[in-house]
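Breakdown of the fold
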Amino acid sequence: MSSLFIKYYDRWMRPLEQRAFHSIRKQLIEQATGTVLEIGSGTGVNFKYYQYADKVVAIEPDDTMLEQSLVYVDRLAVPIEVVRAGAESLPFQEDSFDCVVCTLVFCTIPDPMMAWNEIKRVCKPGGHVFLFEHVRLNHSLWGTLQDWLTPWWKRCCGGCHLNRNTLDDMQQAGFQVKDLDRKYKGLILVARAVNNK
């Protein structure tokens, strides 16, 4: 991930966070209870929203983002442990987590299906996955535009794919969607799913 992108990530995202993403994150993450795994915690933007979890283990593969996130850890009521790891090879035993939180992360994971299979492995049977992602639009013009822009966008924005079908991948991995909200004409998905294994 480019150092420039990381350095200014929070600043670039601040208008979106204030106008739209804050309420989405809050409503979604406050549902997470028990022992929670967060995939790709970045700079720790989600940490303040954990209210009812017993413990959060957050993974982040980028050292710089991980270091930035540690600023928040000691200020929170819920204990949070940040681990350097990628989603495709989670350093945890099977059935370790009651919930898994994924927010705006599957766009950058190199092998999304491998990550979903790992999440399935470490999440308990009947455990919940809370998902907030931007996805490819099901529209002939705008979806094609996302496909066209993605190679350039990936280079500028830390590997972010504009055109992933994350919901399909999650369901293919065996997660059953219980709640689904499509926002901004389908560009943003907010979902709660159950690990049926």
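So, here's what we can say about the structure. All of these numbers come straight from a predicted model, not from anything done at the bench.

1. Re the pairing of strand β5 (residues 123-134)
Of the strand pairs in this sheet, strand β4 (residues 97-103) and β5 are connected by 6 bridges, and their pairing is parallel. Looking across to β5, one finds that C102 is bridged to L131. In the classification by handedness, the crossover that spans β4, the intervening helix α3 (residues 112-122) and the parallel β5 is right-handed. In the sheet, β5 pairs with strand β7 (residues 188-195) via 7 bridges, with the strands oriented antiparallel. The residue bridging H128 from the neighbouring strand is V194, located in β7.

2. Here's the deal with the packing of aromatic side chains
Within this structure, the stated rule accounts for 4 aromatic pairs. Measuring from ring centre to ring centre gives 4.2 Å for F106 and W116, while their planes differ by 5 degrees; the resulting arrangement is stacked. Highlighted residues: F106 in the loop between β4 and α3 and W116 in helix α3, separated in sequence by 10 residues. Here F106 matches W116 in class, with each residue buried. Among the aromatic residues, ring-to-ring pairing joins F106, W116 and F175 into one connected group. If you follow K120 out to its NZ or CZ, it ends over the ring of F175, 5.2 Å from the centre.

3. Thoughts on the environment of F175
Its place among the elements puts F175 in strand β6 (residues 175-183). Considering only alpha carbons, one finds F175 and P79, 96 residues apart in sequence, at a separation of 27 Å. Discounting residues that sit within four places of it in the chain, F175 has contacts with W116, I119, K120, V129, M170, A193, V194 and N195.

4. Quick word on α3
By the burial criterion, the buried members of α3 are P112, A115, W116, E118, I119, K120 and V122. Those residues of α3 that are buried lie in contact with β1 (34-39), β4, β5, α5 (166-172), β6 and β7.

5. Quick word on the environment of Y52
Tracing the backbone shows Y52 in the loop between β1 and β2 (53-59). Between the C-alpha atom of Y52 and that of A77, which follows or precedes it by 25 residues, the distance is 9.7 Å. Excluding residues within four positions of it along the chain, Y52 makes contact with E30, A32, T33 and G34.

Cut-offs used in this document
- Note on numbering: residues in each chain are counted from 1, in written sequence order.
- Side-chain atom pairs in this predicted model are given and counted only at pLDDT of 80 or more, local residue features only at pLDDT of at least 70, and totals for whole chains, interfaces and linings cover all residues.
- To obtain the side-chain values, all non-hydrogen atoms of the structure were included, while hydrogens and water were left out.
- Any two strands between which DSSP finds at least two bridges are classified as paired.
- Under the scheme used here, helices are H or I runs from DSSP no shorter than 4 residues and strands are E runs no shorter than 2 residues, and both carry numbers assigned from the N terminus.
- We call a crossover right-handed when, viewed with the strands running away from us, the connection from the first strand over the helix to the second turns clockwise.
- Between the rings of Phe, Tyr and Trp (Trp by its six-membered ring), a pair exists once the centres lie within 6.5 Å; its type follows the angle of the planes, with under 30 degrees stacked, over 60 edge-to-face, and the other angles tilted.
- Accessible area is worked out with a 1.4 Å probe on protein chains only. A residue is then buried under 20% of its type maximum, exposed over 50%, and partly exposed in between.
- The criterion for a charge sitting over a ring is simple: Lys NZ or Arg CZ within 6 Å of the ring centre, and within 35 degrees of the ring normal.
- Whether two residues touch is decided by their heavy atoms; if any such pair falls within 4.5 Å, the residues are in contact.

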